[in-house]
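Descriptive structure summary
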Amino acid sequence: MTQAMQEEQSVLVDEVGPSYLEQYREYLPSQVNREVWSSRFVLFVENLSVSFDGFKALDMPHYGVRHGELRVIIGPNGAGKTTFCDLVSGKTRPSAGQVYFDSKEITNMDESEIALRGIGRKFQTPTVFDSLTTYENLLLALPGNQAWKNNLFRSETQKESVAIDAILEKVSLAEHRDKLAKSLSHGQRQWLAISALVIAKPKLLLVDEPAAGLTDSETEKTAELLLELAKEHTLVVIEHDMEFVRRLDSTVTVLNEGKVLAEGSMAEMERNEEVVEAYLGR
Ligand SMILES: Nc1ncnc2c1ncn2[C@@H]1O[C@H](COP(=O)(O)OP(=O)(O)OP(=O)(O)O)[C@@H](O)[C@H]1O
Ligand SMILES: [Mg+2]
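In this text, all values refer to a predicted model and were calculated from it rather than measured experimentally.

**What to know about the overall build of the protein**
The helix and strand tally for the protein stands at eleven helices and ten strands. In the protein, buried positions account for 41% of the 282 residues. Here the analysis covers contacts within the protein between residues at least 6 apart in sequence; of these, 64% occur between residues at least 24 apart.

**Things to note about the environment of L70**
In this fold, L70 is placed in strand 3 (residues 70-74). The spatial distance from the C-alpha of L70 to the C-alpha of S250 is 6.3 Å, given a sequence separation of 180 residues. Excluding its chain neighbours within four sequence positions, the residues that come into contact with L70 are A230, L235, L248 and S250.

**Let's talk about unusual backbone geometry**
One non-glycine residue, S172, lies in positive phi territory at about 55°. With respect to the helices and strands, S172 occurs in the loop between helix 6 (158-170) and helix 7 (186-199). Positioned with a positive phi, E257 is a non-glycine residue whose angle comes to about 50°. Relative to the assigned elements, E257 resides in the loop between strand 9 (251-256) and strand 10 (259-264).

**So, the site of ligand 1**
Every residue lining ligand 1 is accounted for by F52, A57, G75, N77, G78, A79, G80, K81, T82, T83, T92 and Q124. The greatest single-element share of the shell around ligand 1, amounting to three residues, is contributed by helix 3 (residues 81-88). Partitioned by chemical class, the residues of the shell around ligand 1 number three nonpolar, eight polar and one charged.

**Things to note about the pairing of strand 1 (residues 41-52)**
By the criterion of burial, strand 1 is predominantly enclosed, with nine of the twelve residues buried. Examined bridge by bridge, strand 1 and strand 2 (residues 55-66) share ten bridges and lie antiparallel to one another. Across the sheet, F44 pairs through a bridge with G64, a residue of strand 2. Linkage of strand 1 to strand 2, two consecutive antiparallel strands, is achieved through a turn of two residues, within which D53 is found at a positive phi near 50°.

**So, helix 6**
Taking 1.5 Å of rise per residue, the 13 residues of helix 6 would be expected to cover 18 Å, and the 18 Å separating its terminal C-alpha atoms lies within 8% of that figure. Elements that come into contact with the buried residues of helix 6 comprise helix 5 (134-141) and helix 7. Once helix 6 ends, the next one or two residues include S172, with phi positive near 55°.

**Here's the deal with the packing of helix 5 against helix 7**
Two elements in contact, helix 5 and helix 7, have axes whose closest approach is 8 Å; the angle formed by their N-to-C orientations is 35°. By crossing handedness, the relation of helix 5 to helix 7 is classed as right-handed. Between helix 5, through T134, N137, L138 and A141, and helix 7, the contact on the second element is made entirely by L192, S195, A196 and I199. Along the lines of polarity and charge, the residues of the contact of helix 5 with helix 7 split into five nonpolar, three polar and no charged.

**Notes on helix 5**
Within helix 5, six of the eight residues are buried, leaving the element largely enclosed by the surrounding structure. Buried within helix 5 we find T134, Y135, N137, L138, L139 and A141.

**Looking at the confidence of the model for the protein**
Here the protein averages 89 in pLDDT, while 89% of its residues score no lower than 70. Contacts from residues 9-16, a stretch scored under 50 in pLDDT, to residues over four places away or in other chains number eight contacts.

**Points about the nonpolar core**
In terms of nonpolar packing, the biggest core is built from 75 residues, with I199 and V254 touching the most fellow members. Top contributing element to this core by residue count: helix 7, with eight residues. Apart from the residues within four sequence positions on either side, I199 is in contact with L138, A141, L142, A163, I164 and I167.

Cut-offs applied
Residues numbered from 1 in each chain as written. Chains lettered and ligands numbered in written order. Predicted model: local features only at pLDDT ≥ 70, side-chain atom pairs only at ≥ 80, totals over all residues. Helix = DSSP H or I, 4+ residues; strand = E, 2+ residues; numbered from the N terminus. Buried ≥ 20, exposed ≤ 12 C-beta atoms within 10 Å, placed from the backbone. Contact = placed C-beta atoms within 7 Å. Near = placed C-beta within 6 Å. Nonpolar A, V, L, I, M, F, W, Y, C, P; charged D, E, K, R; others polar. Pairing = 2+ DSSP bridges. Expected span 1.5 Å × (residues − 1). Axes fitted to C-alpha atoms, helices over the stretch in contact; angles between N-to-C directions. Left-handed = near helix turned anticlockwise from the far one by under 90°. pLDDT = per-residue confidence, 0-100. Core = buried A, V, L, I, M, F, W, Y, C linked by C-beta atoms within 7 Å.

Dropping the structure here:
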């Protein structure tokens, strides 16, 4: 590397470092009153890390999502993206650090309690119930139906049934309403899984790889759907497909080997040497 290149790189790194930290610095939940951080951020993690057999899968000094924000996390395979969702949703216990959500610390709460508090999650492999119809899958996702017992649904109210039909319309599944989920295409299953998430009315949606395995036109449609949802919801979307991420046009956080490399617009990430080297340029 020439000296000029080195200088340019250090300028770029400096640009990224403070600017992404700056927006968090005055709101660290460990340093300020709850009213201060929670007025701006719905989710905040501080010094969050997890190790598996001595291997640090995630090490995140600060990360916050503002109320109503659409955020994207990108990074190579094994970067820790799904691990981030596991820690925030309570599936995995952190080795150190704190997770704050909706005015409270939720570190070490049970997965089910965190879900009830309002963090909804679409897993990397969409979980839908094959032997139920599209409509029944959404019935099951209604608030209060998660503790589903004796194979019986609580009967839906008129309002809930209208809400289900509205979301089915939005994701172009209305004509598949009474078909078994196993007859749906991969893309339609992704949309059903996202719909189930929305019907449960979470305060924060974690959406892990919604475009994985989709055709170009399905990917485009998924981006439109998430942008539409972003008008009324706070979302963190994890994705590999760069065209898709560009379309979302939101603040991107780049993870690599469990660490936050940079945070900013997609255009900024594309100018960041470290990010290009670790991920984008490959
Ligand atoms: N429960 C676990 N036990 C042991 N190792 C784990 C566990 N969860 C994740 N890991 C490891 O942590 C690292 C990060 O994995 P993670 O699934 O978060 O990556 P990712 O960024 O989601 O990758 P991908 O793009 O492939 O989905 C990987 O090396 C993975 O093997
Ligand atoms: Mg993953």
